[in-house]
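Take a look at the letters that make up each chain.
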Amino acid sequence: MTDLLLRAVLLGNLGVCVTAQVPVMLAPPTQVRFDSVDYKNVAHWSPPANRSSLQYYVQWKIYGEPQWLDVSGCQGIQRPHCDLSAVTSDPREWYYARVHASSLPSSKSAWALSPRFSPRWDTKISSPVLKLNRTEQGIVVRVKPPRLMVRKMHRSLQYEIYLIDTSGQEVVYEMDCCSKKLILKKLKHKEEYCLQAQTMIPLQAKSSARSPVQCVTTL
């Protein structure tokens, strides 16, 4: 009888030990997606509900390829985002990202997958940078993209320049991305003009928002 009780206690303790070692499955991150502006491609996600102090592991792959690859610098991170620009730079490809959460010592979640992402079609183009100078000839306009990667990716890049007079009337000028400057002539002297610029990508029917308004008074 004593031997039976002893065995029951030992088995009970063993059962407790085995149960304690079973990993607890965490809820996965949610809303995994790419946010891309000017070809800076960053994966974002939302942490699981009611959890903090988690570590995240991020992988990527090309659409159609079987192998997932670790993203360097995004293994065991605590921030809910990861820059994948270096590994998703080919505009001809489509990509996926996935992320799982881990809590020491052994708990981890399932992988959470992003929607398919295309740098060419999904990136947003931000407003160009506008620089103005006054001369006796008129207003000298210089424009450049906020990131050189935009110009590198699009040889057909164009700008539209909006000239707005004091009555609110607009005149639109087109400017090639490779042009160093545009001189707006035949303007009224001592008159205030306001200008904005907008990036245009004709082959993709894509455009940026207009740049902030800048005003200048002619000589």
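Summary of the structure given here. (Residues numbered from 1 in each chain as written. Predicted model: local features only at pLDDT ≥ 70, side-chain atom pairs only at ≥ 80, totals over all residues. Heavy atoms only, no water.)

1. Some words on a nonpolar patch on the surface
A cluster of nonpolar side chains, namely Y63, W94 and W121, defines an oily patch on the protein surface of about 340 Å² accessible area. Its location among the elements puts W121 in helix α2 (residues 119-122). You can call W121 partly exposed: its relative accessible area is 46%. (Patch = residues over 30% accessible without salt bridge, like charges linked within 9 Å, V, L, I, M, F, W, Y side chains within 5 Å. Areas by Shrake-Rupley, 256 points an atom, 1.4 Å probe, with all protein chains shown as cover. Salt bridge = Lys/Arg side-chain N within 4 Å of Asp/Glu carboxyl O. Helix = DSSP H or I, 4+ residues; strand = E, 2+ residues; numbered from the N terminus. Buried < 20%, exposed > 50% of the residue type's maximum accessible area, 1.4 Å probe, protein only.)

2. Regarding the pattern of salt bridges
Inspection of every chain in the model, using the stated rule, returns three salt bridges. Put simply, D83 and K40 hold a salt bridge, and the shortest N to O gap is 2.9 Å. Of this pair, D83 sits in strand β6 (residues 81-83) while K40 sits in strand β3 (residues 40-46); the two residues are 43 residues apart in sequence, bridging distant segments of the chain. With relative accessibility at 35%, the residue D83 sits in the partly exposed group. Note that D90 is salt-bridged to R92, the shortest N-O span being 3.0 Å. Owing to a relative accessible area of 67%, R92 belongs among the exposed residues under this scheme.

3. Details of the nonpolar core
Judged by nonpolar contacts, the single largest core of 23 residues is most densely connected at I139, V141, V143, I161, L184 and L195. Of the residues forming this core, the biggest block, four residues, is contributed by strand β15 (residues 192-201). With sequence-adjacent residues up to four places away left out, L184 is seen in contact with Q137, G138, I139, V141, L163, Y173 and L195. Of all hydrophobic cores here, the second largest spans 20 residues; its members include A43, W45, Y56 and L84. (Core = buried A, V, L, I, M, F, W, Y, C linked by side-chain atoms within 4.5 Å. Contact = heavy atoms within 4.5 Å.)

4. Observations concerning the pairing of β15
Of all ten residues in β15, eight are buried, a share of seventy percent or more. As paired elements, strand β12 (residues 158-164) and β15 share seven bridges and run antiparallel to each other. Among the inter-strand pairings, L163 is bridged to a residue of β15, identified as L195. Two elements, β15 and strand β17 (residues 214-217), share four bridges in a ladder whose sense is antiparallel. When the sheet's bridge partners are listed, C194 is paired in β17 with C215. (Pairing = 2+ DSSP bridges.)

5. Let's talk about the environment of R134
Residue position: R134 is located in strand β10 (residues 129-134). Judged by its relative accessible area of 45%, R134 is partly exposed. For the pair R134 and T218, spaced 84 residues apart in sequence, the C-alpha to C-alpha distance is 6.3 Å. Those residues in contact with R134, other than ones at most four positions away along the chain, are V216, T217, T218 and L219.

6. As for the environment of L26
Along the polypeptide, L26 turns up in strand β1 (residues 25-26). It is 8.1 Å that separates the C-alpha atoms of L26 and P48, two residues lying 22 residues apart in sequence.

7. Digging into the sheet that holds β3
Here three strands make up an open sheet; going across it, the order is β2-β3-β6 and the pairing antiparallel. Edge positions in the open sheet fall to β2 (30-37) and β6, since each of these has one partner strand only. Going from strand to strand, the sheet's axes swing by 20° on average, the running direction of each strand aside. The sheet contact formed by β2 and β3 spans six bridges and is antiparallel. By the bridge assignment for β3, D35 is matched with V42. (Axes fitted to C-alpha atoms, helices over the stretch in contact; angles between N-to-C directions.)

8. Quick word on the sheet that holds strand β11 (residues 139-144)
An order of β10-β11-β14 is seen for the three strands of this open sheet, with the pairing classed as antiparallel. The open sheet has two edge strands, β10 and β14 (182-184), and neither has a second partner. Going from strand to strand, the sheet's axes swing by 25° on average, the running direction of each strand aside. Direction of pairing for β11 relative to β14: antiparallel, over a ladder of three bridges. Each bridged residue has a counterpart across the sheet, and for I139 the counterpart in β14 is L184.

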